[in-house]
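Residues per chain, in single letters:
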Amino acid sequence: MSYSLYEPKLLEGAYIPQIAAYYYKQWDGFEMKFHKHNRVEVMYVISGTCRVDTESQSFHMKKGDFILIDADVSHKLHVDRGSPCRMLNVEFHFAEEDSAAPSIKGMAEGNLAVAQLLALRVPYVLLRENGDIYSTLKNLIHEMDAKTSDNQLMISLLLSQLIIRIASLAVEVAANEAHEPNEYVSKLIRYIHQNYDRDIRVKDMAGAVNLHPGYVHRIFKAYTGRTVTEFLTSYRIEKAQMLLTHTDILVVEISDYVGINSSQYFSTLFKKITGKTPQEFRNPR
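Residues numbered from 1 in each chain as written. Predicted model: local features only at pLDDT ≥ 70, side-chain atom pairs only at ≥ 80, totals over all residues. Heavy atoms only, no water.

1. Brief notes about the overall build of the protein chain
Rule in force here: Labels follow the DSSP assignment, with helices taken as runs of H or I lasting at least four residues and strands as runs of E lasting at least two, numbered in each case from the N terminus. Radius of gyration: C-alpha atoms only; globule rule: 2.2 Å multiplied by the number of residues to the exponent 0.38. Note on exposure labels: buried denotes an accessible area under 20% of the residue type's maximum, exposed denotes more than 50%, and partly exposed covers the range between, all computed with a 1.4 Å probe on protein chains only. Contact between two residues is taken to exist if any of their heavy atoms lie within 4.5 Å; hydrogens are not considered. All accessibility values rest on the Shrake-Rupley procedure with a 1.4 Å probe; residue burial counts only the protein chains present in the view. Charge counting treats Lys and Arg as positive and Asp and Glu as negative, with His and both chain ends excluded. A charge is said to be at NZ when it belongs to Lys, at CZ for Arg, at CG for Asp and at CD for Glu.
The secondary structure content of the protein chain amounts to 11 helices and nine strands. For 285 residues, the compact-globule estimate of 2.2 N^0.38 gives 19 Å, and the protein chain exceeds it by more than 25% at 26 Å. Counting only C-alpha atoms and orienting by the principal axes, one finds that the protein chain spans roughly 90 × 45 × 30 Å. Out of the 285 residues in the protein chain, the part that is buried amounts to 44%. Across the protein chain, every contact between residues at least 6 apart in sequence was considered, and the portion connecting residues at least 24 apart equals 75%. With the model as given, the accessible surface of the protein chain reaches about 15,200 Å², and the carbon-plus-sulfur share is 48%. With 32 positive and 34 negative side-chain charges, the protein chain shows a spacing of 8 Å between the two charge centroids.

Written out as structure tokens, the structure is:
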């Protein structure tokens, strides 16, 4: 039986993590469709670069990066043609059985990082090799390939070691990322300040900070109280007010200076926000 890594039942009995599948694979010019499965997956980049997409975020990965993806989380892989990427994938699930192998409950009780990881309940987390992960993965695969009758405990111990080491990294990253959304929003606002005079699209802003457009929408609204469009429009009108007050630029040309390609639409927006037309603002009675 398989469960999410965060299934509460796993902490109630002797559920042993078990390898379900593992493989090396080099891709070149590959586009995987969105899919999900009922196993936890670790995707490790041995060489090259790739992109892993979830429904809300994109992760650009290079050598030494790996991602932990929970069961039943939709994701896909993209590899550019001419830029091959070699990966090692390991998938594991949990089975309740009487065994000398460490259970997920035992790991959580004996290791703080594992307990903290289970409390995070994050569907995926991108991590960076710290010198231990790949060697543990290779040792685990070596034991799996040996297929001897007396190495099952070693396989379980190595898988437990992998989970504990991943947990330590994931908890550390989660602590750092608690502050990152605010940093991303600061970068997005700086992008608006530097590009408000052009046609700005959320996908362009997202690309500038390597985030999924959907995630940009969410964190921007959460931290500013306004949507990206509302913030951009307000900033453009603020700049228009400055130009109307301190320059002699023709009113009909102001819209082009603030990135609005229709002077009529600009006038409508300006009056909606300020209560005056651009001409009334420049020449108050």
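Structure's up, so let's keep going.
2. Overview of the sheet that holds strand β5 (residues 58-62)
Note the cut-off: When DSSP finds two or more bridges between two strands, those strands count as paired.
Taken together, the four strands give an open sheet; going across it, the order is β2-β7-β4-β5, and neighbouring strands pair in antiparallel fashion. At either margin of the open sheet sits one strand with a lone partner, and together these are β2 (30-31) and β5. Sheet analysis places β2 next to strand β7 (residues 75-79), joined by two bridges and oriented antiparallel. Opposite E31, over in β7, you have H78 as the bridge partner.

3. Side note on helix α8 (residues 228-246)
Put simply, the rule is: Expected span of a helix: the number of residues minus one, times 1.5 Å.
With 19 residues, α8 should cover 27 Å at 1.5 Å per step; its first-to-last C-alpha distance of 27 Å lies within 8% of that length. When we look at burial in α8, the residues that qualify are V228, F231, L232, T233, Y235, R236, I237, A240, L243 and L244.

4. Notes on a nonpolar patch on the surface
The following threshold applies: Exposure above 30% relative accessible area and the absence of a salt bridge qualify a residue for a patch, where like charges join within 9 Å and nonpolar side chains (Val, Leu, Ile, Met, Phe, Trp, Tyr) within 5 Å. Definition used for salt bridges: Asp or Glu carboxyl oxygen within 4 Å of a side-chain nitrogen of Lys or Arg.
Taken together, the side chains of L153, M154 and L157 make up a nonpolar region of the molecular surface, amounting to roughly 260 Å² of accessible area. In this structure, L157 sits in helix α4 (residues 152-177). For L157, a relative accessible area of 40% translates into the label partly exposed.

5. Overview of the state of the cysteines
Here a disulfide denotes a covalent bond joining the sulfur atom of one cysteine to the sulfur atom of another. The criterion, for reference: The criterion for a disulfide is a pair of cysteine sulfur atoms lying within 2.5 Å.
One pass over the structure, following the stated rule, counts zero disulfides. Not engaged in a disulfide, the cysteine C85 finds its nearest cysteine sulfur in C50; these two sulfurs lie 3.9 Å apart.

6. As for the sheet that holds strand β1 (residues 15-27)
Applied cut-off: Axis geometry follows a simple rule: fit a line to the C-alpha atoms, using only the stretch in contact for helices, then measure angles between N-to-C directions, giving values from 0 to 180 degrees.
Spatial ordering of the open sheet is given by β1-β8-β3-β6-β9, a layout of five strands whose pairing is antiparallel. Two strands in the sheet have a free side with no partner beyond their single neighbour: β1 and β9 (124-128). Along the sheet, successive strands turn relative to each other by an average axial angle of 15°, direction set aside. One ladder, built from four bridges, connects strand β3 (residues 40-47) with strand β6 (residues 65-69); its direction is antiparallel. If you follow V42 over to β6, its bridge partner there is L68.

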